Amino acid sequence: MIYKFLFFISSFFILFGLVTGNVNIPSQIATIIKSPDYLITDYVEIAGVGGAFFNSGLLMLLFTILLKLLKVNPTGVSIAAVMTIGGFALFGKNLFNVWPIVAGVFLYTLVVGENLKTYLYVAFFGTALAPITTHLVFGNDFSILGIVIVLLIGFFLPPLASFALTLHKGYNLYNVGFTAGFLGMFIGALLRAYDLHPEPRLIWHEKNQFLLAVFMFLFFSIVLIFGFRLNGWKLSGYKNILKYSGKLLTDFVLLENEAITFINVGILGLVGTIYVLGVGSKLNGPTIGGIMTLAGFGALGKHPKNVLPVVVGVLIGALTNSQPFNSPAMVLAVLFGTTLAPIAGEFGFLWGVVAGYLHSALVINVGSLHFFGEVEKKR
C-alpha cells in the first residue's frame, strides 16, 4: 500500500510537471542542474513550474524505485524521506547533485561491512547537503575533485548522524538534517576562509498562485480521501495518533496503520497550504517544500496536537521580532520549525511554544553560518 502511495505522489508531480512544462522540460531540467542552488534558490522561479515539479516527481520516483530494488519494507519513515526529497527537489535537490551524497553513504556501509539498508535513510535525508555537489563541481571548476569531496561528506554522515541523535535525544525529527547542518557550517567556514564561498541569494517565486494553490489543495485532498477510503470512510482511530509525543522514531504506520497515517498526512498538508496563503505569503518552491516536509513527517511523529504549540511560538516570535511575520524567513520558520514538535508532545503546550519562539530567533541568524543545508534542517 505504501509503495502504491509513493508511486502515486511521484506520478502526480511528474504529470503536473509535464502538463505545465510540455516541450520545455529538457531545457528546464538542464537549467536546474547547472544553476547554483544554495539557499534560497527557487527552482519554480529559475526554471518554471513544469521543470521544478518534473524534477521533484522524478526524484521521488527514483528514490522509491531504490527502496523497491533493495527490497525495503516501507513504513512511515519511507513516506517522510521520499516526501522530504520531493519537497526540496523544488529548491535545492536535483537529478545530479543528490547521488554523490548517496554514494558516499553506501561506500561507508561497504567499508564497515553493513547491509546497504542499514543506513539507507541516512543517505535519503543526507541529500540535505546536495547543493554542495553543484557548488564544488560546477561553481569552482573542481570537477572530479569536487565529486571526491562530496563522496567523503556522504561517507562521514552515518557515524555523525548516530552521534547527533545522542545530542537531541529524539526531540528534533530532522536528525540527519541536524547533522547536515553542522557539516554545512564547517564546510561553509572552510570555503569562506579560501574565498570560495557563494554569495547570499534569495530567489523567491511569486507568480502562478492560482495554479499552485489548485495543485496543492487537489493533491492533499486526494491523499486525505485515500486515507478515509482505506479507513472505511470514517475518522475512527485518528485520535490515537494524538497521544504520541512524536519523538524519534514514532512511526505511525507501525504504531497505527496506513489509513490513519494517510489521513494525518493529508490534514497536515492542507493545513500547511492554508497557513501559507492565509498569512499572505506565496506558494513556491521553498514554501511547497516546507509543506511537503511537514506533511511527510505526518507519517513519522507530527500531528496537529504537537505541531500547533511550535507554530504558535514561532508566530509570537515573528510578531515581536524585526522580521515581518509573513517574510520568507518567518514563513519557512513556521513550516520547518515543526521539527521540534516532540518537545510539545513530551512536555506540553507551553514548552512547545517556548521552543517555537526560540527557533524563530535562531533561524534569522543561523543561515549566515553556512550556505548549503536545507533551510531548517540545519538547526
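Everything here concerns the structure above.
Residues numbered from 1 in each chain as written. Predicted model: local features only at pLDDT ≥ 70, side-chain atom pairs only at ≥ 80, totals over all residues. Heavy atoms only, no water.

Novice: It is not clear to me how the packing of aromatic side chains should be interpreted in this structure. Could you clarify?
Specialist: In this description, an aromatic ring pair is defined by two values, namely the gap between the centres and the angle between the planes. Under the definition given, this model contains 27 aromatic pairs. A centroid spacing of 5.9 Å and a plane angle of 35 degrees characterise the contact between Phe-125 and Phe-297, whose relative ring orientation is tilted. Residue Phe-125 is found in helix 7 (residues 120-126), and its partner Phe-297 is found in the loop between helix 14 (285-296) and helix 15 (304-320); the two are separated by 172 residues along the sequence. Note on Phe-125: relative accessible area 11%, which makes it buried. Judged by centre distance (6.1 Å) and plane angle (0 degrees), the rings of Phe-215 and Phe-219 are stacked. Taken together, the positions of Phe-215 and Phe-219, both in helix 11 (residues 209-230) and four residues apart, correspond to about one turn of that helix. Take Phe-215 and Phe-219: they sit in the same class, and that class is buried. An aromatic cluster is defined as three or more aromatic residues linked by ring pairs; in this entry it consists of Phe-8, Phe-12, Phe-13, Phe-16, Phe-53, Phe-215, Phe-219 and Phe-220. The ring of Tyr-3 has Lys-68 sitting right over it, with the charged end atom 4.3 Å from the ring centre. (Phe/Tyr/Trp six-rings, centres within 6.5 Å; stacked < 30°, edge-to-face > 60°. Helix = DSSP H or I, 4+ residues; strand = E, 2+ residues; numbered from the N terminus. Buried < 20%, exposed > 50% of the residue type's maximum accessible area, 1.4 Å probe, protein only. Lys NZ or Arg CZ within 6 Å of the ring centre and 35° of its normal.)

Novice: Sorry if this is basic, but what is going on with a nonpolar patch on the surface here?
Specialist: A surface patch of nonpolar side chains, about 560 Å² in accessible area, is lined by Ile-144, Leu-145, Val-148, Leu-152, Phe-156 and Leu-160. Looking at where Leu-160 falls in the secondary structure, it is placed in helix 9 (residues 144-168). (Patch = residues over 30% accessible without salt bridge, like charges linked within 9 Å, V, L, I, M, F, W, Y side chains within 5 Å. Areas by Shrake-Rupley, 256 points an atom, 1.4 Å probe, with all protein chains shown as cover. Salt bridge = Lys/Arg side-chain N within 4 Å of Asp/Glu carboxyl O.)

Novice: How do you make sense of the side chain of Asn-284 when you look at a structure like this?
Specialist: Mapped onto the elements of the fold, Asn-284 is located in the loop between helix 13 (258-278) and helix 14. Among the residues examined, Asn-284 registers a relative accessible area of 0% and is labelled buried. In contact with Asn-284, other than residues within four places in its own chain, are Asp-42, Val-44, Trp-204, His-205, Leu-212 and Gly-289. (Contact = heavy atoms within 4.5 Å.)

Novice: Even after reading the chapter, I still don't get helix 1 (residues 2-21), so can you show me in this structure?
Specialist: Residues spaced three or four apart along an α-helix face the same direction, because each turn holds 3.6 residues. In a regular helix each residue adds 1.5 Å, so 20 residues correspond to 28 Å; helix 1 covers 28 Å between its end C-alpha atoms and thus fits that length. Residues of helix 1 that are buried: Ile-2, Tyr-3, Phe-5, Leu-6, Ile-9, Ser-10, Phe-12, Phe-13, Ile-14, Phe-16, Gly-17 and Gly-21. Immediately beyond the C-terminal end of helix 1, within one or two residues, lies Asn-22, with a positive phi of roughly 40 degrees. (Expected span 1.5 Å × (residues − 1).)

Novice: Which parts of the structure should I look at to understand the packing of helix 9 against helix 10 (residues 175-193)?
Specialist: Packed helices, taken two at a time, are described by their axes: the angle between them and the distance between them. Where helix 9 contacts helix 10, the axes come no closer than 8 Å and their chain directions differ by 120 degrees. Of the two possible hands of crossing, helix 9 and helix 10 adopt the one that is right-handed. In contact with Ile-153, Leu-157, Leu-160, Ala-161, Ala-164, Leu-165, Leu-167 and His-168 of helix 9, helix 10 contributes Asn-175, Val-176, Phe-178, Thr-179, Leu-183 and Ile-187. Classifying every residue of the contact of helix 9 with helix 10 gives 11 nonpolar, three polar and no charged. (Axes fitted to C-alpha atoms, helices over the stretch in contact; angles between N-to-C directions. Left-handed = near helix turned anticlockwise from the far one by under 90°. Nonpolar A, V, L, I, M, F, W, Y, C, P; charged D, E, K, R; others polar.)

Novice: What am I meant to see in unusual backbone geometry here?
Specialist: What you tend to see is this: most non-glycine residues have negative phi, and most peptide bonds are trans. Each neighbour pair has its own omega, and for Leu-248 with Leu-249 the value is -10 degrees, a cis peptide bond. Among the secondary structure elements, Leu-249 is positioned in the loop between helix 11 and helix 12 (252-255). The phi dihedral of Asn-22 is positive, around 40 degrees, even though this residue is not glycine. Tracing the backbone shows Asn-22 in the loop between helix 1 and helix 2 (25-34).

Novice: Would you explain helix 4 (residues 49-69) in this entry?
Specialist: Over its 21 residues, helix 4 extends 30 Å from the first C-alpha to the last, a length consistent with the 30 Å expected when each residue adds 1.5 Å. In the segment just after helix 4, Lys-71 is the residue with positive phi, at about 55 degrees.

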